[in-house]
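Next come the chains, spelled out residue by residue.
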There are 2 protein chains.
Amino acid sequence: MACLADHAAGAQTAMVRGTAQATQGLYATLACLAAWAGIGHNATMTDCDFSSDEASNAFTLTPIGRIASDYPDKFGIPRQPGLASAARATLTLTPPFDDPLAVRGLEAFSHLWLTFVFHQSPTRWTPLVRPPRLGGNAKHGVFATRSTHRPNRLGLSLVELVKVDTRDGVTLHLRGHDLVDGTPVLDIKPYLAWAEALPEARSGFAPAPPPSLPVTFSAAAETRLLARRDGDSLRELIRQVLAQDPRPAYHKNAQNSSERRYGVRLRDVDVRFYPITTNGIDSMHVEDIVVASSPA
Amino acid sequence: MACLADHAAGAQTAMVRGTAQATQGLYATLACLAAWAGIGHNATMTDCDFSSDEASNAFTLTPIGRIASDYPDKFGIPRQPGLASAARATLTLTPPFDDPLAVRGLEAFSHLWLTFVFHQSPTRWTPLVRPPRLGGNAKHGVFATRSTHRPNRLGLSLVELVKVDTRDGVTLHLRGHDLVDGTPVLDIKPYLAWAEALPEARSGFAPAPPPSLPVTFSAAAETRLLARRDGDSLRELIRQVLAQDPRPAYHKNAQNSSERRYGVRLRDVDVRFYPITTNGIDSMHVEDIVVASSPA
């Protein structure tokens, strides 16, 4: 059983290698075992020896918690967290990271950095992407953008900390985020204004917030909002999200753009809206707000 | 061979699980194979079926490049990147991430976020840490600090981008960093001043930069600096690093603190210094600068 034991001990080592290497490693494990069981061709104990001093090319990271969010799916999420201050989320830490001691002192910070994984994005990446800010026409290097289609799929968001709840594990109440429901979070760090607020920094093709469109509500939509306990905050969230014009870039300049109807999911509702252009000025009109029939 | 093939296909899935689960998975693989080879107890094909829709608990991340730095080892590195603007580094991207297209447009940004791994820190973490800013006495939750001893060992640094060199792969020239030589980098993102410069944010126990001490140089140290081509920038780097008082917190208040000699490695030299207290005011005195005899 020496070979089996060696492999079990080597599993931790295998985990810090790249996926390709690990796959290779598993193949080797299988080959070794098959040989050991007398069903393969020649194999010696050397085949079963995975050395742990091999340079580790990759890192295995475990989420410390998950996001529950006002955004059930990706469509409509503003492209930076500060753009929709009404967006609420909770981050619930998962064992063994849910020790209230781990967040002691956190409430003294107004803002936090969350490092997370764009878990709904494909792992495939390309060197060039089309930032929505440039109308989807110009291509930029993926590392010169905040695109979700990036190597390692890491996201970084500056969010407002509203409350730290340690009554049952750890739940952080957040505001002004841009995270889809279920997002796995890898790290929390406090924001350090003296080190990280650089208002004079040059910000390339995104030197200022994107333009914000006016948003109007139909009488039907207003009636729905008035009937809800969270009507005021939902109205504000809808306004902030639609003001960013969540339509795909290639729809915005289309001839028939004002004839299309769109829907965006926020909290438990579908918000149905369409663009209006009056005297060359775009605005967004909320036609109706209906409770979503199925989970996103 | 169906079982073998299933496992090979399942290897990618196994890699996105946590280490514990992966170890468990490997055990299961071994048990399945042993059974399949007729050497274990009862096993059915079900034992060999690792479904890919299982919740993925971990992520495997591959460094996109490595840092070459003015800081050969950890001791002395300022605790935020902006504190030593003279500190230089290069980030060289590694294949397949070294495509010049991936950084197209990056030069339009003055500052970048680097997400990296504190690869010299232990993987073990504790919920409470002692921030050096508080003299090493008070304990704070690890997520309320920027401590390197954290789950997933992720670091986040705001650095100044000096130059993008794409003549042979991709090398970024950086300034004002806090990264030890060899640091593996997982992501590069442009700094967005309009979204990320929040000068009014409340920054808890670290509301302002740490105090900065005066630094003096002996005649011998000045002679060494004058003989070097990089003398001016090295002098500035030494000044900025020692001004932060890199001594361990428990040395600072010790009775005999001024009798101790210290050394810090910067570029290829050992900087030998000691603290001086005159009329109750601390300063740092550089006694000598010698070329380091061995790699850090």
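For every chain, the first residue of its written sequence is number 1, and the numbers climb from 1 along that sequence. Labels are handed out in written order, letters beginning with A for the chains and numbers beginning with 1 for the ligands. Per-residue local features of the predicted model are confined to residues with pLDDT of at least 70, and side-chain atom pairs are confined, for both listing and counting, to 80 or more; whole-chain, interface and lining totals are unaffected and use all residues. Remark: hydrogens and water are excluded; side-chain values derive from all non-hydrogen atoms of the structure.

> Describe the pairing of strand β4 (residues 111-117) of chain A, with residues and values.
Residue and element names in this part refer to chain A. The buried fraction of β4 is high, at seven of seven residues. Each residue's exposure class comes from its accessible area (1.4 Å probe, protein chains only) as a fraction of the maximum for that residue type: buried when under 20%, exposed when over 50%, partly exposed otherwise. Runs of E in the DSSP output that reach at least two residues are strands. Runs of H or I that reach at least four are helices, and both are numbered from the N terminus. On β4, burial covers both faces: His-111, Trp-113, Thr-115 and Val-117 on one face and Leu-112, Leu-114 and Phe-116 on the other are all buried. Strands qualify as paired when DSSP identifies two bridges or more between them. Pairing analysis gives seven bridges linking β4 to strand β7 (residues 154-165), with the strands arranged antiparallel. Pairing of Trp-113 across the sheet is with Leu-158, part of β7. Pairing of β4 with strand β9 (residues 184-190) involves five bridges; the strand directions are antiparallel. Bridge assignment links Phe-116 to a residue of β9, and that residue is Val-185.

> Go over the sheet that holds strand β4 (residues 111-117) of chain B with me, naming the residues and quoting the values.
All names here are of chain B. Taken in spatial order, the six strands close into a barrel running β2-β3-β8-β7-β4-β9, and their pairing is antiparallel. Between one strand axis and the next, the sheet turns through 45 degrees on average, direction left out of account. For strand β3 (residues 88-93) and strand β8 (residues 171-175), the ladder comprises five bridges, and the chain directions are antiparallel. The residue of β8 that forms the bridge with Thr-92 is Thr-171. Angles here are taken between N-to-C directions and fall from 0 to 180 degrees, while the axes themselves are lines fitted to C-alpha atoms, restricted in helices to the stretch in contact.

> Pulling in residues and values, what's your account of the environment of Pro96(A)?
Residue and element names in this part refer to chain A. In this structure, Pro-96 sits in the loop between β3 (88-93) and β4. Under the relative-accessibility criterion, Pro-96 is labelled exposed at 55%. For the pair Pro-96 and Gly-65, spaced 31 residues apart in sequence, the C-alpha to C-alpha distance is 9.9 Å.

> Can you lay out the packing of helix α4 (residues 219-226) of chain B against helix α5 (residues 231-243) of chain B for me, pointing to particular residues and giving the numbers?
All names here are of chain B. Running from N to C, α4 and α5 cross one another at 135 degrees; their axes reach a closest spacing of 8 Å. When the interaxial angle is binned, α4 and α5 end up oblique. From α4, Glu-222, Leu-225 and Leu-226 reach across to α5, where they touch Gly-231, Leu-234, Arg-235 and Ile-238. For this classification, Asp, Glu, Lys and Arg are treated as charged, while Ala, Val, Leu, Ile, Met, Phe, Trp, Tyr, Cys and Pro are nonpolar and the rest, including Gly, are polar. The residue makeup of the contact of α4 with α5, split by class, is four nonpolar, one polar and two charged. Note on terminology: angles under 35 degrees are roughly parallel, angles over 145 are roughly antiparallel, angles of 65 to 115 are roughly perpendicular, and the others are oblique. It only takes one pair of heavy atoms within 4.5 Å for two residues to be counted as in contact.

Everything listed here is a matter of coordinates, which is why it stays silent on function.
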